[in-house]
Amino acid sequence: MPPRKGETWNESEAYKDAWTLRDCRRLTPYGEINQTPNYHTNIGFTADSEFLTFWTLREGQGAVCKVHVSTGDITQLTEPTPDYGFEPHIQGGPYPRMCLAPQSRWLAYTENRALKAVHLDTLEEKTLIADVGREYEVGYPTISADEKQVILPLSPMHPEVAAGKRVSKHYYEHFASGEGLRLKLVHVPLAGGEAEVVYEEEGCRSFHCPHSPVDPDLVLLDRDFPPRYWSGSDGTRTRIWVLKLSTGELTELASQNAQPHQVHAVWTFDGENVIYHGRSANGGYYIGLCDKQGNTIREWDFTGAGHYGHVAAMAGRPAIILDGNVSDNLLTWLYYDGDQPRLEVIAAHNSEWNTVLGQAAHPHQLSSPDGRWISFNTARRGRTEVHVVRV
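All values derive from a computational prediction rather than experimental measurement. (Residues numbered from 1 in each chain as written. Predicted model: local features only at pLDDT ≥ 70, side-chain atom pairs only at ≥ 80, totals over all residues. Heavy atoms only, no water.)

Now for the environment of Thr 142. Mapped onto the elements of the fold, Thr 142 is located in strand 13 (residues 142–143). Residues Thr 142 and Thr 303, spaced 161 residues apart in sequence, show a C-alpha to C-alpha distance of 33 Å. Setting aside residues up to four positions removed in sequence, Thr 142 forms contacts with Cys 99, Gln 149, Val 150, Ile 151, Cys 209, Pro 210 and His 211. Within the local environment of Thr 142, its side chain forms a polar contact with the backbone nitrogen of His 211, the two atoms lying 2.8 Å apart. (Helix = DSSP H or I, 4+ residues; strand = E, 2+ residues; numbered from the N terminus. Contact = heavy atoms within 4.5 Å. Polar contact = N/O pair within 3.5 Å; in protein donor to acceptor, adjacent residues only side chain to side chain.)

As structure tokens, this is what we get:
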């Protein structure tokens, strides 16, 4: 039987990274899927950097957990349930999206079409949105810097999927003209209350709108236009923008590259800058940093970078954490404090990217707020684990 709510156990193994000899801990050697929140800034570790949140699937039942990173002690926060996430065809795979409020220690997470929250210490649970409806796909929740509001992005479900019919056209083809596409950002108080639409837009969709880590009025919004959506948008419009929630004002964060469709954009920990990368018109990837007004600070073309990956913010260093692009198996820091880029190896993640596990196989690296720890997922032999490296 899988563990129950409130149970605490330790299955971790300490080891030295083979590349750097840094101290690492394999937190979850058991279970089918173990996955932290994604690569957004300050969404997985508690404010004291002592605990990390993750989701686990064991014997076909899923639950959210916290783990004490220095010891490996895991506490399960919810009862295991087979109704743990999304239908397998939905973007991202059959597992929840999560976001932690680091100070108040409430973890917001999706469960099928619901948005729920659980407290890391009291294990109190609440339902924030009971059902968004079958007509929507659910994106990644984000919690405001003051930890008062949660935003959940919604995008149209393929109507044939929503109706339970056989799909006659691929999603991209069905919405190729943009007709029927409608992005919605729904916000709800973290304490509980009425949900309302805070922003909506015709002709595009979004799964990511992370809050600024310091300003509750700002979110970093992906705007995905057809025909290529997240992998290229419409080929002309910039993909990442800063949205001021109180006014609806959008600020363009344009890259210098001829292909203006940055992906995996994240805030720096101070909320002043935005990190991004994208496929370069010159081959390989470009990786950059701009301020929240859209002014480029650094942007470099890595024409030999042949690997998919993500960018993440690092606390306490002028560096971007990479899990791909320049290497398919190493976490690296890319320093941006000089005119020329500088790389440093952190540790090996050794994830098998191209598996049926989809997003769960991605390292989705996260820095703790104090810069002591970096977490990452790794997929091997058809299952995924959560690891941390001490830096």
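Structure's up, so let's keep going.
A few words on the sheet that holds strand 3 (residues 23–26). The sheet built from five strands is open, its strands ordered 2-3-30-29-28 with antiparallel pairing. Unpaired on one side and paired on the other, strand 2 (13–16) and strand 28 (366–367) mark the two borders of the sheet. Sheet topology places strand 2 next to strand 3; four bridges connect them, and they run antiparallel. When the sheet's bridge partners are listed, Ala 14 is paired in strand 3 with Arg 25. (Pairing = 2+ DSSP bridges.)

It is worth spelling out the pairing of strand 21 (residues 273–279) at this point. The buried fraction of strand 21 is high, at six of seven residues. Of the strand pairs in this sheet, strand 20 (residues 263–267) and strand 21 are connected by three bridges, and their pairing is antiparallel. Bridging across to strand 21, Val 266 finds its partner in Ile 275. With antiparallel pairing between neighbouring strands as the criterion, strand 20 and strand 21 make up a hairpin whose turn holds five residues, including Gly 271 at a positive phi of roughly 75°. Sheet analysis places strand 21 next to strand 22 (residues 285–291), joined by seven bridges and oriented antiparallel. Counterpart to Asn 273 in the pairing with strand 22 is Asp 291. Once strand 21 ends, the chain turns through five residues before running back antiparallel as strand 22, passing Gly 283 with a positive phi of about 100°. (Buried < 20%, exposed > 50% of the residue type's maximum accessible area, 1.4 Å probe, protein only.)

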